[in-house]
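Residue-level structural notes
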Amino acid sequence: MWFVKNMITRKNLMALTGLFLAFFLIIHLLGNLQLLLPDEVAREQYNWYSHLLAGNIVIEIIAIVLYACILLHLADAIYLTIRGRKVSGNYRLDKRARASTWYSRNMMFLGAVIFAFLVIHFKDFWYQYKFGTLPLDEKGHKDLYTLVVTAFGQLWYVIVYIIAIIALGYHMLHGVFSAHRTLGLYHPVYNRIVRTAGVVFSVAMTFGYAVIPIVIYIKQPL
Amino acid sequence: MDIVLKIWRQKDQDSTGKLETYTLEEVNPDMSFLEMLDTLNHNLVKQGERAIEFDHDCREGICGQCGMMIDGIAHGPLKHTTTCQLHMRSFCDGQTIQIEPFRAEAFPVIRDLKVDRSAFDRIIASGGYVSVDTGQAPEANSIPIAHHDAEAAFDAAVCIGCGACVASCKNASASLFTAAKISQMTRLPQGREEAGTRVTRMVRQMESEDFGHCTNTEACEVECPQAISVLHIARMNYEYNRAGIFFNKA
C-alpha cells in the first residue's frame, strides 16, 4: 500500500475492491434470504448452508480475498481522505455543498459507519460461528439460525442494523457509479446505464438487507 | 444599492490573513462584480489605504484570471459564470457579501484575493502539447477529422484554466482541468499519437503539485464557468490506465 503513491492507481484499487465487495453483497444476501423461509425449514436449511460454506476450501479462499479487499479499501480510504484534507482549502464561509450530493462528499463517514457495523457483525456471528461454542441442531450442524434469530429479536439490534444498511445504501449509491468512472468508463451512454444500474442495485441491496432483521423481529413469538 | 463587504486581506504569502469589513454605498446594480471592487479600491486609495488586490484581465469571461470565492462559492452565486460576468443585480440591497481567495495547497495566496496558479502552467508544460516539426504550416485538410470529434475536442478546449474546479472540490483536485487539457488533444488524430506519454506526464505533474484526488462528486462541473463535463475525467482515467496496462508511457 505505502509504495503506491499515484492517486489514480490508488483510486483504481479503491474501485476494484469496492466493486468486489458490492458483488459479494449479492451472494451474501441471496444466502441469507434463506432466513425468511418458514421457521423449521429455515433452521435446518440455514444451518446446513452455513456448514457447507464453512467447510469449503474455495469459499475459504474467497473469504481471504474478501478480508483483504475490506482492509485495502479501508487503508486506501484513510490515506486518500487524510491527503485530501491536507491539500484542500479551509474557507471561512463555505457553500460548496450546493454543487454535489451529501453522500458523495461523506463517503469516509459512511464507510466508518459501515466498518463499525462490520466489527459488531463479525463479533456476533462470524466469531461465534468460527470460535464460539454453538449448540448443534438435529442434523449435527452448528445452530447459527437460532443465534441470528435471537439477536434480531432485540429491537435495538434491529435498529443498529437498519442504520448501518442505510449507510451502506448511500455509500453504494455514490460508490458503484464512481468506481466505473475511476476505472475509465467515459462514454455518456454507458455512464447513464451504469448510473441507473447503480441506483437500482443500491436500492435493491438496502431493501433486501433491511427486510431480513425486520421480518425476523416481527415474526418472533411474543 | 448599498452593500457590506467582508473581504480577505492578507499582506503576503507568509502572513496570516483576516476578513475585513467595508461598506459601499450607491452601487449601480448593472456594475460587474469587478467594477464594484474597482469602486471600493478607488475609495480606499482616496483614503490612503492599500487597495485590495485581485486577478483580472479580459473582463469578458474568457481569460480565466478573475477567480475568487464569493459567499462560499467559486465565481459567486450564478452557475457557469466567471466573476467578471457576475453583476451586482445578482445581489440584494443591504446584503453582506463575503469574498475569499481560492484556497488550496497548490494555490498559495500571493496577496488578498490573488493566488498563484502557476501549478496549472506546469501541468500544461509537462505534456499538454502536440509535438510537430516546425517549418511551413501543413495543409489544414490533409488529416480528415469528423465534425463530432472536432466539436468534442473543442468542448474540452474551452477550459479557461480559472481554477474554480480546484476551489470547488473538497479534495482540491485539479482533475477536471488536467482532464480537459488531455481530452482536447486526445480527441484529435494529431494528439492521439502521444496520448499515453501525455496523460502519464500530466497526471504525474498534477499529483506532484499537491492537488488532491477525484472522488467524482461532480461539484467541479456545476461550478465550472464553461460547464466542462466530468466525463473528461473518466476519459483521463481511461487513457492513464490504458497507458499503464500497455506500457505506453514512453
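Residues numbered from 1 in each chain as written. Chains lettered and ligands numbered in written order. Predicted model: local features only at pLDDT ≥ 70, side-chain atom pairs only at ≥ 80, totals over all residues. Heavy atoms only, no water.

The name an unreviewed UniProt entry gives chain B is Succinate dehydrogenase / fumarate reductase iron-sulfur subunit, with Sinomicrobium oceani as the organism. On record in UniProt, under Sequence similarities (unreviewed entry), the comment for chain B is "Belongs to the succinate dehydrogenase/fumarate reductase iron-sulfur protein family." (UniProt positions renumbered as here; feature names shortened; annotations may be inferred.)

Looking up chain A in an unreviewed UniProt entry gives the name Succinate dehydrogenase / fumarate reductase cytochrome b subunit, with the organism given as Sinomicrobium oceani.

Considering the nonpolar core
In this structure, F102, F107, F120, V166, F211, I233 and M236 of chain B are the most contacted members of the largest nonpolar core, which totals 41 residues. Elements with a minimum of two residues in this core: α2 (118-127), α4 (164-168), α5 (175-186), α7 (195-208) and α9 (231-245) of chain B. Considering each element in turn, this core owes the most residues, 5 residues, to α5 of chain B. Each of domain 1 (3-103) and domain 2 (117-131 + 143-245) of chain B accounts for three or more of the residues forming this core. Grouped together as the second largest cluster of nonpolar side chains are 33 residues, L25, Y129, Y145 and A210 of chain A included. (Core = buried A, V, L, I, M, F, W, Y, C linked by side-chain atoms within 4.5 Å. Buried < 20%, exposed > 50% of the residue type's maximum accessible area, 1.4 Å probe, protein only. Helix = DSSP H or I, 4+ residues; strand = E, 2+ residues; numbered from the N terminus. Domains from an automatic or database assignment.)

A word on the side chain of H213 of chain B
Mapped onto the fold, H213 of chain B is located in the loop between α7 and α8 (219-223). The contact partners of H213 of chain B, leaving out residues within four places of it in the chain, are M7, K11, L80, T81 and G84 of chain A together with N171 and S173 of chain B. (Contact = heavy atoms within 4.5 Å.)

Side note on the UniProt feature "transmembrane region" (unreviewed entry) in chain A
What UniProt calls "transmembrane region" (unreviewed entry) maps, in this numbering, to residues 12-37, 57-82, 103-122, 155-173 and 193-218 of chain A. Taken end to end, residues 57-82 of chain A is 100% helix and 0% strand, and its two terminal C-alpha atoms sit 38 Å from one another.

With respect to the sheet that holds strand β4 (residues 73-74) of chain B
All names here are of chain B. The strand order β2-β1-β5-β3-β4 describes an open sheet built from 5 strands, whose pairing is mixed. Only two strands of the sheet have a single partner each, and these edge strands are β2 (18-24) and β4. Sheet analysis places strand β3 (residues 69-70) next to strand β5 (residues 96-100), joined by 2 bridges and oriented antiparallel. Bridge pairing in β5 links M69 to E100. (Pairing = 2+ DSSP bridges.)

What about the interface of chain A and chain B?
Listed as interface residues are 39 residues of chain A and, on the opposing side, 46 residues of chain B. Carbon and sulfur atoms supply 53% of the area that chain A and chain B bury against each other, a total of about 3500 Å² over both sides. The three residues of chain A that bury the most area against chain B are Y91, R98 and Y186 of chain A, which together make up 21% of that side's buried surface. At the boundary of chain A with chain B, the tally comes to 4 salt bridges. A salt bridge links R181 of chain A to E218 of chain B, with the nearest nitrogen and oxygen atoms 2.7 Å apart. Where chain A packs against chain B, one counts 28 residue pairs in polar contact (both at pLDDT 80 or more). Breaking the side of chain A that touches chain B down by element, the ones donating at least two residues are α1 (7-32), α3 (57-87), α4 (102-105), α7 (155-183) and α8 (188-219) of chain A. (Buried area = accessible area lost by both parts, 1.4 Å probe. Salt bridge = Lys/Arg side-chain N within 4 Å of Asp/Glu carboxyl O. Polar contact = N/O pair within 3.5 Å; in protein donor to acceptor, adjacent residues only side chain to side chain.)

Comments concerning α7 of chain A
Spacing of three or four residues puts side chains on the same side of an α-helix, whose turn is 3.6 residues. All names here are of chain A. Here α7 spans 41 Å end to end across 29 residues, near enough to the 42 Å set by a 1.5 Å rise per residue. Its maximal kink placed at M172, α7 deviates by approximately 30°. Downstream of α7 by one or two residues, G184 has phi in the positive range, about 105°. (Expected span 1.5 Å × (residues − 1). Bend = angle between axes of the 7 residues up to and from the residue.)

What about the side chain of S183 of chain B?
Residues and elements named next belong to chain B. Its place among the elements puts S183 in helix α5. Residue S183 is classed as buried on the basis of its relative accessible area of 1%. In contact with S183, not counting residues within four places along its chain, are A156, H232 and R235.

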